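Summary of the model geometry
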Amino acid sequence: MRILLLNLGTESTQAVEQALSGQGYDMASDQSLSVDKILARLPDLLITEATPSDLSCCGLISQIKASSDLRALKIVTIVHGDALERARGLDLGADDVVSFPFEPMEFAAKIRTQLRQRQPELKLEAELKDALEREHMAESTAENLINKVMSRRRFWVLSIVCVLSAATLLAAVTTVISNRRSRKDTLQLKAEVAQLNGGLLQQEELLRRVGQARDSQIGSNVPGTRRSLETQSEAIRKKMAAPAVADNESLKRQLQETQNQLNRLETESRAAEAIVHKYGPSVCLLHVIVELKDKDSGQIIRIAADPAGKPLVDERGMISLQTEGQGPPLQFHFFGTGFLVASNGRLLTNHHVAEPWRSDEELKELLDRGADAFALSYTAYFPVISQGIEVKLHHISGIADLATLTLQTPAPPEAALLELDDRSEASVSGDPVILIGYPTGIEGILARAGSDVTTRLAENVHDVNEMLSQLAAQHLIRPTITQGHIGDVLNDKIVYDAATTVGGSGGPLFNHDGKVIGVNAAI
């Protein structure tokens, strides 16, 4: 097994080598390697280190986990901190995080555990490689056989061409028939899919999912960090006050470092509060309604319904979809974030928010089987007004996951224009960042509104648009704010650890100067 030690300090390197000596591992140590260079080393496990003064490993972990080539690579990170730092490392994608100094026997056991988990993946890789080699050999054998037959039977050429032409024609007809059948099958979807996308879920299901969103609610980690640092500071003071302390100077340095971290945290919190107060009203929830057309006829795909408007369900519990009749169109509801960047009502967001079918797997499958998707409407909900604003698509970038939309009525007077800053010095590794958005969409909003509001709305409202109107009227549509730090700055992206999830896509990422340095792409 090959283990790569990357960006480890002298003490950490010595401790790791001591813990893993005699285990039979092929270990190599290096500094500042790119993802491509790591790939060239072909390691089975990567051990890296994160220190308060160097957060470059954060971006490296994110890049590795996002790479299809290195998806199976196990990563163990060494941190100089307590549970808070270990949790941050796990959130960034590390498979395990160990605090330094560590117990050698325990560290070696953790490494063995990660390598054991790698075994099934290596087996699959080997089987895939073997299958590809066999396929290549079969192709080579077939090609040689064809060449021999062609050289000996020149007069068969015309017959072979005719046979191949007939086979091609037959395959084409079969494909057309198959596509038509697939297209017809595609128009038969489960009833629960129509419930999910044609309106709100049933009351019990809605309450359950909102409860899940509340349990996993994303919020600023600043209060927890502050409490942890204050607890750590108090513990150090108690040690210093105890009689016969052997290393009082070391404790003084630890106390000073803790106090410095608290001071930095307080400064960052004040900057975040100022940014949120000024620009929070300019960040809106985007509601996108998507419908489908049949690619052949161009007709809207609808839910089959009886004269009373009740959906028709077959003996298998499937709702029938059709392109004829007066049934309601099949609709999909998506949520994202946008923010105001120009006085003419221009909003900036992600391409995959403006055209959700570009990233939604269920819709992609429908499109592959003969449907065309289009955005029926865009609506922006700002936290300072009591109703939504109609929005039109303006432009989609051809080189980045970005799109602009335009408000059809004036922006709220409280909404200030966000200033973009694309200078390289505006984004520096280790700098604090603030992210504003609407992660988990309507479910997150209901989770923050409270169980009483959610229950009341679920009992009386059964349509997404009506639900949003009610929430807006009560000024309950408000964004979530999270803080973090930049892990790495790449040519086309910024890696940071401010928490977010689906629905937060399109949200602005601010630096400590209150300038927008990035657009969140949580897909």
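A short tour of the structure in this document, coming up.

So, how was this worked out
- Residues numbered from 1 in each chain as written.
- Predicted model: local features only at pLDDT ≥ 70, side-chain atom pairs only at ≥ 80, totals over all residues.
- Heavy atoms only, no water.
- Helix = DSSP H or I, 4+ residues; strand = E, 2+ residues; numbered from the N terminus.
- Buried < 20%, exposed > 50% of the residue type's maximum accessible area, 1.4 Å probe, protein only.
- Contact = heavy atoms within 4.5 Å.
- Areas by Shrake-Rupley, 256 points an atom, 1.4 Å probe, with all protein chains shown as cover.
- Pairing = 2+ DSSP bridges.
- Axes fitted to C-alpha atoms, helices over the stretch in contact; angles between N-to-C directions.
- Core = buried A, V, L, I, M, F, W, Y, C linked by side-chain atoms within 4.5 Å.
- Parallel < 35°, antiparallel > 145°, perpendicular 65-115°, else oblique.
- Left-handed = near helix turned anticlockwise from the far one by under 90°.
- Nonpolar A, V, L, I, M, F, W, Y, C, P; charged D, E, K, R; others polar.
- Salt bridge = Lys/Arg side-chain N within 4 Å of Asp/Glu carboxyl O.

**Remarks on the overall build of the chain**
- Secondary structure summary: the chain contains 15 helices and 19 strands in total.
- Expressed as a percentage of the 523 residues in the chain, the buried residues total 42%.
- Considering only contacts in the chain between residues 6 or more positions apart, those separated by 24 or more positions represent 71%.
- If you sum the accessible surface of the chain, you get close to 28,200 Å²; carbon and sulfur atoms cover 52% of it.

**A few points about the sheet that holds strand β2 (residues 26-30)**
- Strand order in the open sheet formed by 5 strands is β2-β1-β3-β4-β5, and the pairing between neighbours is parallel. Each edge of the sheet is formed by a strand with only one pairing partner; in this case those strands are β2 and β5 (96-99). Strand-to-strand, the axes of this sheet are offset by a mean angle of 20 degrees, without reference to chain direction.
- Set on the sheet, helix α1 (residues 10-20) makes contact with β1 (2-6), β2, β3 (45-50) and β4 (74-79); between it and β1 the angle comes to about 160 degrees.
- Against the sheet, helix α4 (residues 83-91) makes contact with β4 and β5, and its axis sits at roughly 155 degrees relative to β5, the strand it touches most.

**Some details on the nonpolar core**
- Counting 32 residues, the largest nonpolar core has Leu292 and Leu347 as its most contacted members.
- Broken down by secondary-structure element, the contributors of at least two residues to this core are β7 (283-294), β9 (318-322), β10 (331-340), α11 (351-354), α12 (361-368), β12 (371-381), β13 (389-396) and β14 (403-407).
- By residue number, the principal contributor to this core is β7, which donates 5 residues.
- Among residues more than four places away in sequence, those in contact with Leu347 are Cys284, Leu286, Phe339, Leu340, Val341, Ala380, Phe382, Val391, Ala403, Thr404, Leu405 and Leu407.
- Listed in part, the 28 residues of the second largest apolar core include Ile442, Ala449, Met467 and Val516.

**Things to note about the packing of helix α13 (residues 441-449) against helix α15 (residues 464-473)**
- Packing of α13 against α15 leaves a shortest axis separation of 12 Å and a crossing angle of 40 degrees. Relative to α15, α13 is oriented oblique. Here α13 and α15 pass one another in a crossing that is left-handed. Across the interface between the two elements, Ile442, Ile445 and Leu446 from α13 touch Met467, Leu468 and Leu471 from α15.
- Of the residues contributing to the contact of α13 with α15, the split by class is 6 nonpolar, no polar and no charged.

**Some words on the pattern of salt bridges**
- Enumeration over the complete set of coordinates arrives at 8 salt bridges.
- A salt bridge links Glu419 to Lys515, with the shortest nitrogen-to-oxygen separation between them at 3.6 Å. Within this pair, whereas Glu419 is found in the loop between β14 and β15 (432-437), its partner Lys515 is found in the loop between β18 (508-510) and β19 (516-519), the two being separated by 96 residues in sequence.
- Residue Glu419 is classed as partly exposed on the basis of its relative accessible area, which comes to 42%.
- Between Lys493 and Asp492 there is a salt bridge, with the nearest N and O atoms lying 3.3 Å from each other.
- Residue classification places Lys493 among the partly exposed residues on the basis of a relative accessible area of 43%.
- Under the relative-accessibility criterion, Asp492 is labelled exposed at 63%.
- Here the salt bridges do not stand alone but share partners, grouping Asp421, Arg423 and Glu425 into one network.

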